[in-house]
Amino acid sequence: MDEQAVQGTVQAGFEPVRDAFVRNFRHRGERGAAVAVYRDGRKVVDLWAGTRDVDGTAPWAVDTAQVVRSATKGVAAAVPLLLHQRGQLDLDAPVGTYWPEFKAAGKERALVRHLLSHQAGVPALDRPLTPAEAADLSVASDAVAAQAPAWEPGTDHGYHPHTYGFLLGALVRRVTGRTLGRWVAEEIARPLGLDLWIGLPEEEAHRAGRIGPVEEPAAGGAPKLRPKRSVADAYADPSSLTRRAFGAVAPPPDENDPAHRAAELPASGGVSTARALARFYAATLGPVDGHRLFAPATLAMARTEESAGPDRVLVVSTRFGLGYMLHGPASPLLGPGSFGHPGRGGCLGFADPESGIALGYVTNGMRKGVTADPRAQSLVRAVREAIGA
């Protein structure tokens, strides 16, 4: 691919991002993707290229959106934080204050902040849910409410790949009377003009491209990263908490099924453009066309470390704020103060308050890694080069 095949705009000084984007197609097996960057509330990069479907030939369009998997979590996390900001939710209250059923099986001391920081202790379910059950808000919330914790809530942390969405979704419904997806649509996406949905409406379904697995090219580009033996063993062992957590919905859903995209799955089912993901994070930092999401105190909470160290699910050291992954070896972002969330397979959204940068990267080519995708990291490095960080 040459630069002429890339659509969109780049502000002067941010040409390294375009160059890195082109190299992802040339050397890293990219099929279709988009990247957007905001700085101080203004869009400075908006690029897209390739095909809208990982296995197709139709070109990626200006409004193409994709399933962004766990990058959805960063958007979902904003809801309880904004409810707290509005005085409707106490992050230090027991979850059972708002959701009495959750107190079952030894979870009565679990706090709202434990749900956000992956300390709730319920990353896995004794009986996995089918995709249809996971899409049923009542069934999913009942399942996590009844589940005995793998550790005493608040004493340890481990990534909740699927159940994170069930937990936040149930909490938000009980506090607001609205589903989390509807709250995002009405209170975040609509005011900011975001092409971003947790529960894709039928009238927007034509915009979603098909995602699918792609392999890192054998030659050229970045070398393949081999997981440490302990990580590989955890994913290979059906009885491990890692396998059980990622298998909390089984069989794995067909993410290209319109029914999956339409379901409200706040942990993994969001559909977004790169532009919308970047604009969302820009609004957490400050005003974007007159709309701001986080007050300074809320922004500080989002990026203040709540849990850190060996992750009982990911089997590497991770750092979480209230709902967001923080910069570190497992999830490198722009700098020490950055916060955001990757999506398993490649997608990434984050903000960096020190530089005023917000980035969204969306791809249809899904790799095996959970965090630190080489394509996303090449774009992060390019932004760092562009701003001289």
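The structure we're discussing is the one just above.
This is a predicted model, so every value here is computed, not measured.

Points about the overall build of the protein
When its secondary structure is counted, the protein shows 13 helices and 14 strands. In summary, the protein has a C-alpha radius of gyration of 19 Å against a globular reference of 21 Å for 389 residues, a match within 12%. Taken along its principal axes, the extent of the C-alpha atoms in the protein is 60 × 45 × 40 Å. Among the 389 residues that make up the protein, the fraction classed as buried is 57%. In the structure as shown, the protein presents an accessible area of about 14,800 Å², 51% of it carried by carbon and sulfur atoms. Mean positive and mean negative side-chain charge positions of the protein (43 and 42 charges, respectively) differ by 3 Å.

Remarks on the packing of aromatic side chains
Counted according to the given criterion, the structure contains nine aromatic pairs. Seen in terms of ring centroids, phenylalanine 21 and phenylalanine 25 are 5.3 Å apart; in terms of plane orientation they differ by 80°. Their pairing is edge-to-face. Of this pair, phenylalanine 21 and phenylalanine 25 are both found in helix 1 (residues 15–27), four residues apart, which corresponds to roughly one turn of the helix. Each member of the pair, phenylalanine 21 as well as phenylalanine 25, carries the same accessibility label: buried. Ring geometry for tyrosine 235 and phenylalanine 246: centres 5.7 Å apart, planes at 40°, overall tilted.

Focus: helix 1
In this model helix 1 runs 18 Å from its N-terminal to its C-terminal C-alpha over 13 residues, within 8% of the 18 Å that 1.5 Å per residue would give. Within helix 1, the full set of buried residues consists of Pro16, Val17, Arg18, Ala20, Phe21, Val22, Asn24 and Phe25. Buried residues in helix 1 make contact with strand 1 (7–10), strand 2 (32–39), strand 3 (42–50) and helix 13 (374–387). Count one or two residues on from helix 1 and you reach glycine 29, which has phi positive near 75°.

Focus: unusual backbone geometry
Across the junction of alanine 250 and proline 251, the peptide omega takes the value -5°, indicating a cis bond. Counting through the fold element by element, proline 251 comes out in the loop between helix 9 (241–246) and helix 10 (258–262). Phi is positive for alanine 372, which is not a glycine, with a value near 55°.

Comments concerning the pattern of salt bridges
Taken as a whole and judged by the stated rule, the model has 23 salt bridges. Its salt-bridge partner being aspartate 63, residue arginine 207 comes within 3.7 Å of it at the nearest N-O pair. Note that arginine 207 is positioned in the loop between strand 5 (196–197) and strand 6 (212–213) and aspartate 63 in the loop between strand 3 and strand 4 (66–67), a separation of 144 residues in sequence. The exposure class of aspartate 63 is partly exposed, given its relative accessible area of 31%. Three or more residues joined by partner-sharing salt bridges are found here, namely Arg86, Arg178, Arg182, Glu186 and Glu187.

Focus on the side chain of threonine 318
Relative to the assigned elements, threonine 318 resides in strand 9 (residues 317–320). With relative accessibility at 4%, the residue threonine 318 sits in the buried group. In this view, threonine 318 contacts His157, Ser307, Ala308, Gly309, Asp311 and Ala330; residues no more than four positions away in its chain are not counted.

What to know about the side chain of histidine 114
Summarising the element assignment, histidine 114 is placed in helix 3 (residues 112–116). Apart from the residues within four sequence positions on either side, histidine 114 is in contact with Arg109, Gln119, Ala120, Pro153 and Gly154.

Focus on the packing of helix 2 (residues 72–85) against helix 11 (residues 274–285)
In the contact formed by helix 2 and helix 11, the axes pass within 11 Å of each other and the chain directions differ by 35°. Of the two possible hands of crossing, helix 2 and helix 11 adopt the one that is left-handed. Every residue of helix 11 that contacts helix 2 at Gly74, Val75 and Ala78 is listed here: Leu277, Phe280 and Tyr281. Of the residues in the contact of helix 2 with helix 11, the class split is five nonpolar, one polar and no charged.

Rules and cut-offs
- Residues numbered from 1 in each chain as written.
- Predicted model: local features only at pLDDT ≥ 70, side-chain atom pairs only at ≥ 80, totals over all residues.
- Heavy atoms only, no water.
- Helix = DSSP H or I, 4+ residues; strand = E, 2+ residues; numbered from the N terminus.
- Rg over C-alpha atoms; globule rule 2.2 N^0.38 Å.
- Buried < 20%, exposed > 50% of the residue type's maximum accessible area, 1.4 Å probe, protein only.
- Areas by Shrake-Rupley, 256 points an atom, 1.4 Å probe, with all protein chains shown as cover.
- Lys, Arg positive; Asp, Glu negative; His and termini not counted.
- Charge placed at Lys NZ, Arg CZ, Asp CG, Glu CD.
- Phe/Tyr/Trp six-rings, centres within 6.5 Å; stacked < 30°, edge-to-face > 60°.
- Expected span 1.5 Å × (residues − 1).
- Contact = heavy atoms within 4.5 Å.
- Salt bridge = Lys/Arg side-chain N within 4 Å of Asp/Glu carboxyl O.
- Axes fitted to C-alpha atoms, helices over the stretch in contact; angles between N-to-C directions.
- Left-handed = near helix turned anticlockwise from the far one by under 90°.
- Nonpolar A, V, L, I, M, F, W, Y, C, P; charged D, E, K, R; others polar.

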